[in-house]
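Each chain, letter by letter, is given below.
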Amino acid sequence: MIIMHRSSINIFPLSVCLAGYPCALVYRRFLFYQPATVIHLFHAFSGLALAAFNFGSQIYHSAVCILVQFLMLRLMGRTVTTVLSSFTFQMVYLLAGYYYTATEEYDIKWTMPHCVLTLKLVGLSFDYYDGGKEPSQLSLEQRNGALSSVPSLLEMYGFSYFYGGFLVGPQFTLRSYQKLVAGELTDCPGQPPNSVIPAMKRFALGFLCLVIYAIFSPYYPDSYYLTDEYDVSAQPFWYRCVFILLWAKVILYKYVSCWVIAEGVCILAGLGYNGVVDGKHKWDACANMKVWLFETTPLFTGTISSFNINTNAWAARHVFKRLKFLGNKSLSHVTTLIFLTIWHGLHSGYILCFSMEFFIITVERQALALVRDSPLLTKLANSPLYPLIYVVQQFLHWLFMGYPLVPFCLFTYDKWLKVYSSIYFCGHVVFLAAFLIIPYLRKALVPKKERSQIKQD
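What you see is a predicted model; the values in this text were computed from it and never measured.

(A) Inspection of the nonpolar core at higher detail. Membership of the largest hydrophobic core comes to 99 residues, with the highest contact counts inside it found for Tyr27, Phe162, Tyr163, Tyr225 and Trp247. Here this core takes 22 residues from helix α10 (residues 237-269), the largest share from any one element. Within the second largest apolar cluster, 22 residues are counted, among which are Cys115, Leu119, Leu323 and Tyr350.

(B) Spotlight on the environment of Ile215. Secondary-structure assignment places Ile215 in helix α9 (residues 196-216). On the basis of relative accessibility, which here comes to 47%, the residue Ile215 falls in the partly exposed class. Sequence separation of Ile215 and Val250 is 35 residues, and the distance between their C-alpha atoms is 9.5 Å.

(C) Layout of the pattern of salt bridges. Following the criterion strictly, the structure yields six salt bridges and no others. Between Asp130 and Arg322 there is a salt bridge whose closest N-O contact spans 2.7 Å. One end of the pair, Asp130, is in helix α5 (residues 111-130); the other, Arg322, is in the loop between α13 (309-320) and α14 (329-344), with 192 residues separating them in the sequence. Each member of the pair, Asp130 as well as Arg322, carries the same accessibility label: buried. Among the salt bridges present, the one from Glu263 reaches Arg202, with a minimum N-O distance of 3.0 Å. Taken together, the positions of Glu263 in helix α10 and Arg202 in helix α9 put the pair 61 residues apart, joining distant regions of the chain. Given the relative accessible area of 2%, Glu263 is considered buried. Bridged by salt links that share partners, the residues Arg372, Asp373 and Arg442 form one connected network.

(D) How the structure looks around a nonpolar patch on the surface. On the surface, Phe207, Val211, Ile215, Phe216 and Tyr219 cluster together into a nonpolar patch covering about 500 Å² of accessible area. Tracing the chain through its elements places Val211 in helix α9. For Val211, a relative accessible area of 32% translates into the label partly exposed.

(E) Quick peek at helix α19 (residues 426-445). At Ile437, α19 shows its maximal kink, close to 35°; a proline, Pro439, follows between one and four residues later. Listed in full, the buried residues belonging to α19 are Cys426, Gly427, Phe431 and Ile438. Packed against the buried residues of α19 are α10, α12 (300-306), α15 (348-373) and α17 (386-410).

(F) Geometry of α9. Taking 1.5 Å of rise per residue, 21 residues should cover 30 Å, and α9 covers 30 Å from first to last C-alpha, within 8% of that figure. Along α9, the residues classified as buried are Pro198, Ala199, Arg202, Gly206, Cys209, Leu210 and Tyr213. Along the long axis of α9, the arc covered by the buried residues comes to 110°, so they all point the same way. Exposed positions of α9 whose direction lies more than 90 degrees from the buried face are Ile197 and Lys201.

(G) Region of interest: the UniProt feature "transmembrane region" (unreviewed entry) in the protein chain. UniProt records the feature "transmembrane region" (unreviewed entry) at residues 7-27, 59-77, 83-102, 203-221, 237-256, 326-343, 388-413 and 419-441, using the numbering of this structure. Helix makes up 89% of residues 59-77 and strand 0%. Its end C-alpha atoms lie 27 Å apart. A distance of 38 Å separates the end C-alpha atoms of residues 388-413, which is 92% helix and 0% strand.

(H) The environment of Pro384, seen in detail. Inspection of the secondary structure assignment puts Pro384 in the loop between α16 (375-381) and α17. The class for Pro384 is exposed, based on a relative accessible area of 78%. In the structure, Pro384 is positioned 158 residues away from Leu226 in sequence and 43 Å away in space, judged by C-alpha atoms.

(I) Structural context of the packing of α10 against α17. As a packed pair, α10 and α17 sit with axes 8 Å apart at the nearest point and diverge in direction by 70°. Classed by the angle they form, the pair α10 and α17 counts as roughly perpendicular. On α17, the residues that touch Cys241, Val242, Ile244, Leu245, Trp247, Ala248, Lys249, Ile251, Leu252 and Tyr255 of α10 are Phe395, Trp398, Leu399, Gly402, Tyr403, Leu405, Val406 and Cys409. Taken together, the residues of the contact of α10 with α17 break down into 16 nonpolar, one polar and one charged.

(J) Spotlight on the packing of aromatic side chains. Within this structure, the stated rule accounts for 44 aromatic pairs. Aromatic side chains Tyr230 and Phe243 sit 5.9 Å apart centroid to centroid with 55° between the ring planes, which places their arrangement in the tilted category. Separated by 13 residues along the polypeptide, Tyr230 in the loop between α9 and α10 and Phe243 in helix α10 bring together distant segments of the chain. Take Tyr230 and Phe243: they sit in the same class, and that class is buried.

(K) Examining the side chain of Thr186 more closely. Inspection of the secondary structure assignment puts Thr186 in the loop between α8 (174-181) and α9. Owing to a relative accessible area of 7%, Thr186 belongs among the buried residues under this scheme. Excluding anything up to four places from it in sequence, Thr186 contacts Gln191, Pro192, Pro193 and Tyr273.

Cut-offs applied
- Residues numbered from 1 in each chain as written.
- Predicted model: local features only at pLDDT ≥ 70, side-chain atom pairs only at ≥ 80, totals over all residues.
- Heavy atoms only, no water.
- Core = buried A, V, L, I, M, F, W, Y, C linked by side-chain atoms within 4.5 Å.
- Buried < 20%, exposed > 50% of the residue type's maximum accessible area, 1.4 Å probe, protein only.
- Helix = DSSP H or I, 4+ residues; strand = E, 2+ residues; numbered from the N terminus.
- Salt bridge = Lys/Arg side-chain N within 4 Å of Asp/Glu carboxyl O.
- Patch = residues over 30% accessible without salt bridge, like charges linked within 9 Å, V, L, I, M, F, W, Y side chains within 5 Å.
- Areas by Shrake-Rupley, 256 points an atom, 1.4 Å probe, with all protein chains shown as cover.
- Bend = angle between axes of the 7 residues up to and from the residue.
- Contact = heavy atoms within 4.5 Å.
- Expected span 1.5 Å × (residues − 1).
- Arc of directions from axis to C-beta.
- UniProt positions renumbered as here; feature names shortened; annotations may be inferred.
- Axes fitted to C-alpha atoms, helices over the stretch in contact; angles between N-to-C directions.
- Parallel < 35°, antiparallel > 145°, perpendicular 65-115°, else oblique.
- Nonpolar A, V, L, I, M, F, W, Y, C, P; charged D, E, K, R; others polar.
- Phe/Tyr/Trp six-rings, centres within 6.5 Å; stacked < 30°, edge-to-face > 60°.

Written as structure tokens, this is what we have:
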């Protein structure tokens, strides 16, 4: 998941996300029928203008990486070497940027949009490589993204700087961008899409989330964790835990708002068009958030499934699924999380966050399997007591969603260790205890006959 710090709700994210709306309107009104070259120029220069306004001369970092990627595709061809070279160069460049610009705080700097660009360019090399294979060798996702030829340099700049996905995503393939430029992503063939109302709905939802964050975030700042007020001697244990729960809920609204507002830009331009399902035109091709699921799910897996969807899909498509040769889903999952950890940055907090996320998901899956296989627990879950169970489950869900976010947002060892020490590493203790106890509960609550049947399956 792409995470931005509290200070990232600042001029750059808002300027890029909001400025995308007039850019999309200009495209719809004046450029929809223009040649591809004109559209590429508009997308490239509008995105460059936004980047230059915020980063000045530092925009050369993205320009150089796009040029190098183009030369790799053009000179090295559809080879594994091209993919590996692209992956290595783009990731090393990003990590070098993290290293040379790193501070103990989160700053608005060129590496913020560059991490999004890195995934775009690495994914581009995979899609070009897939274009040389027989369609029967590819999955449906790979066929949809596969490229039949090397894109032009101008096309790559238009794709990379497209105002709807330059800063916070969403991730989309060059093939989808080509369809946009060709005027294919519309519910009215040959005309601009009827997407104004769907776009405004996403904008309104994103703006509402932004208002919620703006109102409540001053009461739940990251910096509070490092004050004497958030201390064992100053506040009771329950208060420190509840603060983490409320802080996590509020802090995530800033990501929700940026992604949903950016999605509205993509819908307005047409990139969000996703065909017809059950007779209705869908506009969710660039959806990065399932807001209703995010708000209502009591499960950690549900929150992850609803959050930063396109980046998670990118990691699944280009990392997890391509590690199928390992023959072990858990190993592929761990490798994918290691990649995402490194991609986010070099701070120890990222390592702790993603390792804790993997552990929590593992325990939750074991617990869900126990409830499913135990007649007693299944009956309890379907009983009139479920509303009470749901409330308790949501409390634990958001408490322990916030737990791994603490090191993610505080970055450095000395800061997150102070917070974890003040709450006695309760998250680690609870999930380690659950991991050790669940096998014994399975023996006690799942009939022996059903356990045997499960092992055979």
